Amino acid sequence: MIQPDLSVRIVHTINVVVPLVFFMASIYLWLHVLFARFITRPDSPVLWFFAVVTGPLTRPVRAVLPAGTPERRVRLVSLGVYVALWLASRILLAGWLGSAVR
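One structure accompanies this document, and this report is about it.

Parameters at a glance
Residues numbered from 1 in each chain as written. Predicted model: local features only at pLDDT ≥ 70, side-chain atom pairs only at ≥ 80, totals over all residues. Heavy atoms only, no water. Salt bridge = Lys/Arg side-chain N within 4 Å of Asp/Glu carboxyl O. Helix = DSSP H or I, 4+ residues; strand = E, 2+ residues; numbered from the N terminus. Core = buried A, V, L, I, M, F, W, Y, C linked by side-chain atoms within 4.5 Å. Buried < 20%, exposed > 50% of the residue type's maximum accessible area, 1.4 Å probe, protein only. Contact = heavy atoms within 4.5 Å.

Some details on the pattern of salt bridges
Scanning the entire structure with this criterion turns up two salt bridges. Its salt-bridge partner being Arg62, residue Glu71 comes within 2.6 Å of it at the nearest N-O pair.

Overview of the environment of Ala84
Mapped onto the secondary structure, Ala84 falls in helix H3 (residues 71–101). Considering only alpha carbons, one finds Ala84 and Phe22, 62 residues apart in sequence, at a separation of 8.9 Å.

Remarks on the nonpolar core
The biggest cluster of nonpolar side chains holds five residues, and these are Ala25, Leu29, Leu57, Leu79 and Tyr82. When contributions to this core are tallied by element, the ones reaching two or more residues are helix H1 (4–38) and H3. Setting aside residues no more than four positions away along its own chain, Ala25 makes contact with Leu57 and Tyr82.

Purely geometric stuff here, so don't read any function into it on its own.
Right, here's the structure in full:
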């Protein structure tokens, strides 16, 4: 049986970690969009870093978009998706899990 203290800690951890992951994903995607706009060298280590970090974030969105969608568009759509997930997780988890703790 889970102790009441432990269940409260688990709920609070989920309430913090899930939105934080979506927020971090949004920040990295936003930075990638920003730097890709200003750095034009294709061999830039900064663009390589952001391509490696945001690659797993854009892959599920790229699968839904039509084939041949430009990379810039994929990043912008991914950014919108992760911002929406971040806001939805904040609202839903605060509502559902917040009422479970009370």
